[in-house]
Amino acid sequence: MSTPPRTHAQAQEWARTGTDLFLGAVAALDDDAFHRPSALPGWTRAHLVAHLAANADALCNLTHWAATGERTLMYASAGERAEGIAKGDTLTPGELRTWLQESARRLERSLDALTGDQWRTEVLTAQGRTVPATELPWMRAREVCVHAVDLATQTVAFTDLPDGFLTALVHDIRTKRGLTDLPDGPLPEVTAWLAGRPHTLADAPALGPWL
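Keep in mind it's a predicted model, so treat the numbers as computed, not measured. (Residues numbered from 1 in each chain as written. Predicted model: local features only at pLDDT ≥ 70, side-chain atom pairs only at ≥ 80, totals over all residues. Heavy atoms only, no water.)

## Re the overall build of the protein chain
Thought 1: Tallying secondary structure elements over the protein chain gives eight helices and two strands in all.
Thought 2: Along the protein chain, from the amino end to the carboxyl end, the secondary structure elements read α-α-α-α-α-β-β-α-α-α.
Thought 3: Relative to the compact-globule value of 17 Å for 211 residues, the protein chain shows a C-alpha radius of gyration of 17 Å, a close match.
Thought 4: The principal-axis extent of the C-alpha atoms belonging to the protein chain is close to 50 × 45 × 30 Å. (Helix = DSSP H or I, 4+ residues; strand = E, 2+ residues; numbered from the N terminus. Rg over C-alpha atoms; globule rule 2.2 N^0.38 Å.)

## Focus on helix H6 (residues 136–150)
Thought 1: Between its first and last C-alpha, H6 extends 21 Å over 15 residues, near the 21 Å set by a 1.5 Å rise per residue.
Thought 2: Among the 15 residues of H6, 15 are classified as buried, and the element is accordingly described as predominantly covered.
Thought 3: Following H6 by one or two positions, Ala 152 adopts a phi angle in the positive range, close to 60°. (Expected span 1.5 Å × (residues − 1). Buried < 20%, exposed > 50% of the residue type's maximum accessible area, 1.4 Å probe, protein only.)

## Brief notes about unusual backbone geometry
Thought 1: Backbone geometry at Ala 152 places phi at a positive 60°, although glycine is not the residue there.
Thought 2: Within the secondary structure layout, Ala 152 lies in the loop between H6 and helix H7 (163–177).
Thought 3: Ala 152 gets classed as partly exposed once you look at its relative accessible area, which sits at 24%.
Thought 4: With a phi close to 70°, Gln 154 is a non-glycine residue in the positive phi region.

## Digging into the nonpolar core
Thought 1: Phe 22, Val 49, Leu 96, Leu 100, Trp 138 and Phe 165 are the most contacted members of the largest nonpolar core, which totals 47 residues.
Thought 2: Those elements giving two or more residues to this core turn out to be helix H1 (8–27), helix H2 (45–68), helix H4 (93–112), H6, H7 and helix H8 (187–194).
Thought 3: Here Leu 96 is in contact with Phe 34, Ala 46, Val 49, Ala 50, Gly 88 and Leu 91, once residues within four sequence places are set aside. (Core = buried A, V, L, I, M, F, W, Y, C linked by side-chain atoms within 4.5 Å. Contact = heavy atoms within 4.5 Å.)

## Comments concerning the pattern of salt bridges
Thought 1: What the rule picks out here adds up to 12 salt bridges.
Thought 2: Note that Glu 13 is salt-bridged to Arg 16, the shortest N-O span being 2.7 Å. On the criterion of helical spacing, the pair formed by Glu 13 and Arg 16 is a turn pair, its members being three residues apart in helix H1.
Thought 3: By relative accessible area, Glu 13 is classed as partly exposed at 45%.
Thought 4: The shortest N-O distance in the salt bridge between Arg 106 and Asp 57 comes to 2.6 Å. On the criterion of sequence distance, the pair formed by Arg 106 in helix H4 and Asp 57 in helix H2 is long-range, its members being 49 residues apart.
Thought 5: The exposure class of Asp 57 is partly exposed, given its relative accessible area of 23%.
Thought 6: Counted as one network, the salt bridges with shared partners bring together Glu 13, Arg 16, Asp 20, Arg 105, Glu 108 and Asp 112. (Salt bridge = Lys/Arg side-chain N within 4 Å of Asp/Glu carboxyl O.)

Have a look at this one:
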């Protein structure tokens, strides 16, 4: 596969776009809607909001590592990610909104503050991959953009995501899945199919969930 068609500056813009879409969709929810199902099996919208808030906190740990050189893992333990998701059941909608907004803005500020040398610092993802800090905006962009659709509010679809982001995401997923051929179809539908989300493509083989 060729080099991913993206830079960390582009990914930062996509992360901002996805964050705005996610925050906007959450802001439109009434309190009862937090406990209704998301598009992810077994997850309520509250679980998804808690996951995005905890993800921002975890990525802030990696920006701290990049900025200071102090080794700081995304999650302190193997169970911390799951614990963050589970907090969706214990917090009120107001508490979830506040956590989501504050963690998202904190991450945005910490990414904006990284310098040239700091961007090249190698950090460790939760999956154990060693990557330069330039990967962090892309990691966040994937989370906020795809999960904004997963909120299932009918206000955000893959068609609302930037074409550049979709192109980069198609490259990312097909590389991980080891796919060489893609079905014909609009870019948003091909992306949804690759991500294991609902799509309108005919005769496309079923794929398991991704992200």
